[in-house]
Amino acid sequence: MTDVTGAPVDVLHTLFHSDQGGHEQVVLCQDLASGLKAVIAIHSTALGPALGGTRFYPYASEAEAVADALNLARGMSYKNAMAGLDHGGGKAVIIGDPEQIKTDELLLAYGRFVASLGGRYVTACDVGTYVADMDVVARECRWTTGRSPENGGAGDSSVLTAFGVFQGMRASAQHLWGDPTLRGRKVGVAGVGKVGHHLVEHLLSDGAEVVITDVRDESVRRITEKHPEVTVAADTAALIRTEGLDIYAPCALGGALNDDTVPVLTASVVCGAANNQLAHPGVEKDLADRSILYAPDYVVNAGGVIQVADELHGFDFDRCKAKASKIFDTTLAIFARANDDGIPPAAAADRIAEHRMAEARRGSARP
């Protein structure tokens, strides 16, 4: 059994005995009639109901799907804590190719499983799921966010996700170069889909030079037809080796920072939208050893979860954008804590998030 990085993993050991575990609940879901196979992982409800998206992906094995759900749920606990939300962390994955097996019947069955948890887990969009899908899920489950405005939701959360990543980049530039602008900086964006294409717009508006790559040709064309000044790299391997690259923004799937990619990165900063960018513990130190500033992924990509959390209380875009803009200050505070403690930024962010969750647990235990 392996995780998404190909490393061996024992799911039960991860759950009950490792520092990466500590999950409160893991639910395996199957509906034979629709073909649904899904995993719902709840890492923590210390701060409130677990909140996290639904990933629809053709995993190579059920074990890989479970491992991904565990990793993503844990990351959501830290993300929600750092975003100042009253939510714990959870995540769901649906196993299969969404272009082949996604149907309303499958999504409705999934919604019934989420509803059976009675509000312990609140779902939303992620890779492979969209606003229209959440509208379907919501027909069976009131604990669904990321719905369309026509159905009482906030719509596409990728808009504020990209805005938050942009704020993280501005903070990185402020910390490293003394100026929060990206003007004149060369930024490489790997993955220009739901979030990445919005990020490109922010970067161009701020005067950055942008290099992109994506496995989908249509995603690349959508940008180059509108912005012919954008450069296209053949693939991620070429992008991260681009001469003169200042910032690398991984905006696709996780594990982008690993033993193969970190040694060849030409960028001075890594700040992107992808979840779980560090392939394994220790990568954050490898980045620091190369003097590469890492803006923790779950901090800078929290704009989307800020938006869907607000949907539960009556969505207000301006209120959400104001909260997402604080990612700039949060990122700077993490860099300062990392310098003070002599640790990488990822470790500093973990300490801050863990302190907030521990305080919440202690508070709930008081008579």
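Here we summarise the structure given alongside this text. Remember, it's a predicted structure, so these values are computed and weren't measured experimentally.

### With respect to the side chain of Arg74
Then comes step 1: Mapped onto the elements of the fold, Arg74 is located in helix α2 (residues 62–82).
Then comes step 2: Although Arg74 is buried, it forms no salt bridge, and the closest oppositely charged side chain is Glu354 at an N-O distance of 4.5 Å.
Then comes step 3: Within the structure, the side chain of Arg74 is placed 3.2 Å from the side chain of Tyr78, a separation counted as a polar contact.

### Side note on the packing of helix α12 (residues 303–311) against helix α13 (residues 317–325)
Then comes step 1: Two numbers describe how α12 lies on α13: the axes approach to 9 Å, and their chain directions differ by 145°. Regarding α12 and α13, the two cross each other, and that crossing is right-handed. Contacts between α12 and α13 pair Gly303, Ile306, Gln307 and Asp310 from the former with Arg319, Cys320, Lys323 and Ala324 from the latter.
Then comes step 2: Along the lines of polarity and charge, the residues of the contact of α12 with α13 split into 3 nonpolar, 2 polar and 3 charged.

### Brief notes about the packing of α13 against helix α14 (residues 327–341)
Then comes step 1: Interhelical geometry of α13 versus α14 gives an angle of 20° and a closest axis separation of 5 Å. When the interaxial angle is binned, α13 and α14 end up roughly parallel. Where α13 abuts α14, its residues Lys323, Ala324 and Ser325 lie against Ile327, Phe328 and Asp329.
Then comes step 2: Class assignment for the residues of the contact of α13 with α14 results in 3 nonpolar, 1 polar and 2 charged.

### A word on the packing of aromatic side chains
Then comes step 1: Scanning all chains against the criterion turns up 3 aromatic pairs.
Then comes step 2: Seen in terms of ring centroids, Tyr57 and Tyr59 are 5.1 Å apart; in terms of plane orientation they differ by 70°. Their pairing is edge-to-face.
Then comes step 3: Tyr57 sits in the partly exposed class, given a relative accessible area of 28%.
Then comes step 4: Classification of Tyr59 by relative accessible area gives buried; the value is 8%.

### Quick word on the side chain of Asp135
Then comes step 1: Positionally, Asp135 belongs in helix α5 (residues 131–137).
Then comes step 2: Although Asp135 is buried, it makes no salt bridge; Arg147 carries the closest opposite charge, 5.7 Å away.
Then comes step 3: A polar contact of 3.1 Å, which involves the side chain of Asp135, links it to the side chain of Asn151.
Then comes step 4: Sequence-distant contacts of Asp135, that is, excluding residues within four places in its chain, are made with Arg147, Ser148 and Asn151.

### Focus on the sheet that holds strand β9 (residues 231–232)
Then comes step 1: Spatial strand order, β9-β8-β7-β10-β11-β12: 6 strands in an open sheet with parallel pairing. The open sheet terminates on both sides in strands that have one partner only, identified here as β9 and β12 (293–294).
Then comes step 2: In terms of strand pairing, strand β8 (residues 209–213) meets β9 through 2 bridges, oriented parallel. Pairing of Val211 across the sheet is with Thr231, part of β9.

### Some details on the pattern of salt bridges
Then comes step 1: Under the defined criterion, the tally for this structure stands at 19 salt bridges.
Then comes step 2: Linking Glu218 and Arg216 is a salt bridge whose minimum nitrogen-to-oxygen distance equals 3.6 Å.
Then comes step 3: Overall, the relative accessible area of 44% leaves Glu218 in the partly exposed class.
Then comes step 4: Assessed through its relative accessible area of 41%, Arg216 is described here as partly exposed.
Then comes step 5: Across the salt bridge formed by Arg351 and Asp341, the nearest N and O atoms sit 3.2 Å from each other. Taken as a pair, Arg351 in helix α15 (residues 345–365) and Asp341 in helix α14 lie far apart in primary sequence, 10 residues in all.
Then comes step 6: The class of Arg351 is partly exposed, set by a relative accessible area of 39%.
Then comes step 7: A residue is classified by how much of its surface remains accessible, and Asp341, at 33% relative accessible area, is partly exposed.

### Looking at the pairing of strand β7 (residues 186–190)
Then comes step 1: Burial analysis of β7 places 5 of its 5 residues in the buried class, the great majority of the element.
Then comes step 2: Burial of β7 is two-sided: the residues Lys186, Gly188 and Ala190 facing one way and the residues Val187 and Val189 facing the other way are all buried.
Then comes step 3: The pairing of β7 with β8 spans 5 bridges and is classified as parallel. Note on β8: the bridge partner recorded for Ala190 is Thr213.
Then comes step 4: Pairing between β7 and strand β10 (residues 247–250): 4 bridges, direction parallel. Looking at the pairing, Val189 lines up with Ala249 of β10.

### Quick look at the nonpolar core
Then comes step 1: Tyr110, Met169, Val189, Leu199 and Leu203 are the most contacted members of the largest nonpolar core, which has 70 residues in total.
Then comes step 2: At 7 residues, helix α6 (residues 158–177) tops the list of elements feeding residues into this core.
Then comes step 3: Setting aside its immediate chain neighbours within four residues, Tyr110 contacts Leu36, Ala38, Ile40, Thr54, Ala92, Ile94, Tyr121, Thr123 and Val137.
Then comes step 4: Of all hydrophobic cores here, the second largest spans 18 residues; its members include Ala190, Ala233, Ala256 and Leu287.

What counts as what
Residues numbered from 1 in each chain as written. Predicted model: local features only at pLDDT ≥ 70, side-chain atom pairs only at ≥ 80, totals over all residues. Heavy atoms only, no water. Helix = DSSP H or I, 4+ residues; strand = E, 2+ residues; numbered from the N terminus. Buried < 20%, exposed > 50% of the residue type's maximum accessible area, 1.4 Å probe, protein only. Lys, Arg positive; Asp, Glu negative; His and termini not counted. Salt bridge = Lys/Arg side-chain N within 4 Å of Asp/Glu carboxyl O. Polar contact = N/O pair within 3.5 Å; in protein donor to acceptor, adjacent residues only side chain to side chain. Axes fitted to C-alpha atoms, helices over the stretch in contact; angles between N-to-C directions. Left-handed = near helix turned anticlockwise from the far one by under 90°. Contact = heavy atoms within 4.5 Å. Nonpolar A, V, L, I, M, F, W, Y, C, P; charged D, E, K, R; others polar. Parallel < 35°, antiparallel > 145°, perpendicular 65-115°, else oblique. Phe/Tyr/Trp six-rings, centres within 6.5 Å; stacked < 30°, edge-to-face > 60°. Pairing = 2+ DSSP bridges. Core = buried A, V, L, I, M, F, W, Y, C linked by side-chain atoms within 4.5 Å.

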